[in-house]
Amino acid sequence: MIPAHLNFAHLKRCVSILTVLEAKGVTTPLTKRGDQLFGPCPLHGGDNPNAFVISLSKNLWRCFTGCDAGGDVVELVRRLYGKNYRQTAAFLATLAATEPTSQTASSLQPLKKSFRPFTARLHLNASVPWLRQKRITPTTARRFEVGAYQGGGFLKECIAVRLHDLDGHPIGYAGRCLDPQKAKQCGKWKFPPRLPKNEILYNFHRIESCHRNGLVVVECPWGVMRLAQLNIPAVALLGIHLSAVQNDLLKKVSPVVLMLDGDRAGQEATVRIRSALEPYTKVYTITLPSGLDPDDLSDEALSSVTRHFLF
Ligand SMILES: [Zn+2]
């Protein structure tokens, strides 16, 4: 009898072939063509670079030479380690439990020492016109801990957005400046001093760990919140740069649907990020009309441009 928490269907969904190979210490670079990855076979060895084929979307593998065999992650673990089904289930459960969120998170450097997380919760007003204009409901704003801040300090006259580390611990607030004059001078967004922005992928901790069905990637938290209202999973880069940490997290997601802002910077970033992720995973890009951000779209438009890539 296999215990209920060692459900094979669940494990097959949660653990990717790539994760199993990584766990085994296989580091041979794989070549990506379409939805498939090619490389030498980790089972029978050899150096034929086309022997072993992985289907990313199906999470299946096959060796066309030597082994002439194939299957899913269960079959791969059984063959790589010579484990029986029960042992295989237990092994996959360990990988599933630590992957992808916590495995990557635990292997990361702790947030930079000079940065002191601010863990207190601020009083924010979720029912403000600015959020209404963005079509973010008070319920969503409260869920995402977002709202107008009435106090002083660097969040003065800002819509504050609570930030979390990859494990979901609150680390402070970012502020979207509402004073157009100031926003022009110092930028729309304000971040706490020394915040290691590169080590954050906004909203990643709220996405359930088995998010292999894909994610939408946007620049700003507003896009994430709008998509969340439509039950579409999304994360935000908090800018247009893909950090090493963000790259590590996103390359394990398939597919990644890039929907950056429609301005020139966003479109250039789309090309850059696409080529960084494409060797590892399936990437779709959505090009918005110039000047439009994801949160400018109607619910219908947001839903129709993203949904068919994900479901
Ligand atoms: Zn083989």
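- Looking up the chain in an unreviewed UniProt entry gives the name Toprim domain-containing protein, with the organism given as Desulfosarcina ovata subsp. sediminis.

**A word on the coordination of the zinc ion**
- Bound to the zinc ion on the protein side are Cys41 (SG), His44 (ND1), Cys63 (SG) and Cys67 (SG), at distances that span 1.9 to 2.3 Å.
- Metal-centred angles of 104 to 114 degrees between the four donor atoms at the zinc ion mark the site as tetrahedral.

**A look at the packing of aromatic side chains**
- For the structure on display, the rule yields seven aromatic pairs.
- On the numbers, 6.3 Å between centres and 20 degrees between planes, the contact of tryptophan 189 with phenylalanine 191 is stacked.
- Tryptophan 189 gets classed as buried once you look at its relative accessible area, which sits at 18%.
- Connected via pairs of aromatic rings, a cluster forms that spans Trp130, Trp189, Phe191 and Trp222.
- The ring of tyrosine 85 is capped by arginine 78, whose NZ or CZ atom sits 4.3 Å from the centre of that ring.

**Side note on helix H12 (residues 299-310)**
- Under the 1.5 Å per step criterion, the end-to-end length of H12 is 16 Å for twelve residues, consistent within 8% with the ideal 16 Å.
- Turning to H12, the residues buried within the fold contact strand E11 (215-218), helix H9 (221-229) and strand E13 (256-258).

**Concerning the sheet that holds E11**
- The strand order across the open sheet formed by four strands is E12-E11-E13-E14, and the pairing between neighbours is parallel. Here the strands that pair on one side only, and so sit at the sheet edges, are strand E12 (234-236) and strand E14 (283-285). This sheet shows a mean twist of 25 degrees between the axes of neighbouring strands, independent of strand direction.
- Against the sheet, H9 engages E11 and E12, with an angle of about 170 degrees to E12.

**Looking at the environment of lysine 252**
- Relative to the helices and strands, lysine 252 is located in the loop between helix H10 (244-250) and E13.
- With a relative accessible area of 14%, lysine 252 lands in the buried category.

**Re the pairing of strand E4 (residues 60-63)**
- Alternating residues of E4 divide into Trp61 and Cys63, all buried, and Leu60 and Arg62, none buried.
- As judged from the four bridges shared by strand E3 (residues 52-55) and E4, these two strands associate in the antiparallel manner. Each residue of the ladder has a partner; that of valine 53, found in E4, is arginine 62.
- Following E3, the chain reverses through four residues before pairing antiparallel with E4; asparagine 59 in that reversal takes a positive phi of roughly 55 degrees.

**Quick notes on the domain arrangement of the chain**
- Segmentation of the chain into domains returns domain 1 (8-99), domain 2 (124-199) and domain 3 (208-310).
- Between the C-alpha centres of domain 1 and domain 2 there is a distance of 42 Å.

**Considering the UniProt feature "domain: Toprim" (unreviewed entry) in the chain**
- The feature "domain: Toprim" (unreviewed entry), as annotated in UniProt, sits at residues 213-289 in this numbering.
- The span residues 213-289 shows a helical share of 39% and a strand share of 17%, and its end C-alpha atoms are spaced 26 Å apart.

**Details of the sheet that holds strand E5 (residues 69-71)**
- On the basis of which strands lie adjacent, the open sheet formed by five strands has the order E1-E2-E3-E4-E5 and antiparallel pairing. Each of the sheet's edge strands pairs with one partner strand only, and the pair in question is strand E1 (31-33) and E5. Between one strand axis and the next, the sheet turns by 20 degrees as a mean value, whatever way the strands run.
- For E1 and strand E2 (residues 36-39), the ladder comprises three bridges, and the chain directions are antiparallel.

About the thresholds
- Residues numbered from 1 in each chain as written.
- Predicted model: local features only at pLDDT ≥ 70, side-chain atom pairs only at ≥ 80, totals over all residues.
- Heavy atoms only, no water.
- Donors = N, O, S within 2.8 Å, 3.2 Å for Na, K, Ca; no water.
- Tetrahedral: all angles 85-135°; square planar, octahedral: opposite > 155°, others 65-115°.
- Phe/Tyr/Trp six-rings, centres within 6.5 Å; stacked < 30°, edge-to-face > 60°.
- Buried < 20%, exposed > 50% of the residue type's maximum accessible area, 1.4 Å probe, protein only.
- Lys NZ or Arg CZ within 6 Å of the ring centre and 35° of its normal.
- Helix = DSSP H or I, 4+ residues; strand = E, 2+ residues; numbered from the N terminus.
- Expected span 1.5 Å × (residues − 1).
- Contact = heavy atoms within 4.5 Å.
- Pairing = 2+ DSSP bridges.
- Axes fitted to C-alpha atoms, helices over the stretch in contact; angles between N-to-C directions.
- Domains from an automatic or database assignment.
- UniProt positions renumbered as here; feature names shortened; annotations may be inferred.

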